[in-house]
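Here is what each chain is made of, one letter per residue.
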Amino acid sequence: MCENGASLTQLKLGLGQLKELNGLFEKGAAQWKMIADSFNHEDLALLLSEAMEDSSKIESLLNRALAEASSSHDHHHEVTITKI
């Protein structure tokens with residue numbers, strides 16, 4: 001850990017975890033929207049569609065944050081994490 005309590009690597013790992021969680025949310029919202037559509041709950045389906053759009057915005061912001069963290073020149077004690 002760095003003096004501030006977290007390293008750049010830990011920050012990037014956390015951002016990656018948020019991206020995965022957001023993807024899981026988006027998948028779940030899409031499934032519930034299909035169910036709402038099948039029961040003709042148009043208002044609920046619309047709200048779920050809006051939630052999915054917000055999730056896409058979150059994904060974009062997380063990608064930007066991860067890119068910013070990755071381009072940081074503070075690579076002191078940074079390690080590379082390879083997804084398995």
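None of the values given here were measured: they were computed from a predicted structure. (Residues numbered from 1 in each chain as written. Predicted model: local features only at pLDDT ≥ 70, side-chain atom pairs only at ≥ 80, totals over all residues. Heavy atoms only, no water.)

### Observations regarding a nonpolar patch on the surface
Then, number 1: On the surface, Leu18, Leu21 and Leu24 cluster together into a nonpolar patch covering about 310 Å² of accessible area.
Then, number 2: Here Leu21 shows up in helix 1 (residues 8-38).
Then, number 3: Given the relative accessible area of 53%, Leu21 is considered exposed. (Patch = residues over 30% accessible without salt bridge, like charges linked within 9 Å, V, L, I, M, F, W, Y side chains within 5 Å. Areas by Shrake-Rupley, 256 points an atom, 1.4 Å probe, with all protein chains shown as cover. Salt bridge = Lys/Arg side-chain N within 4 Å of Asp/Glu carboxyl O. Helix = DSSP H or I, 4+ residues; strand = E, 2+ residues; numbered from the N terminus. Buried < 20%, exposed > 50% of the residue type's maximum accessible area, 1.4 Å probe, protein only.)

### A closer look at the pattern of salt bridges
Then, number 1: Counted under the stated rule, the structure contains 3 salt bridges.
Then, number 2: The salt bridge involving Lys19 is made with Glu59; its shortest N-O contact spans 4.0 Å. Of this pair, Lys19 sits in helix 1 while Glu59 sits in helix 2 (residues 42-70), placing them 40 residues apart in sequence.
Then, number 3: Asp54 is the salt-bridge partner of Lys57, the closest N and O atoms lying 3.9 Å from each other. On the criterion of helical spacing, the pair formed by Lys57 and Asp54 is a turn pair, its members being 3 residues apart in helix 2.

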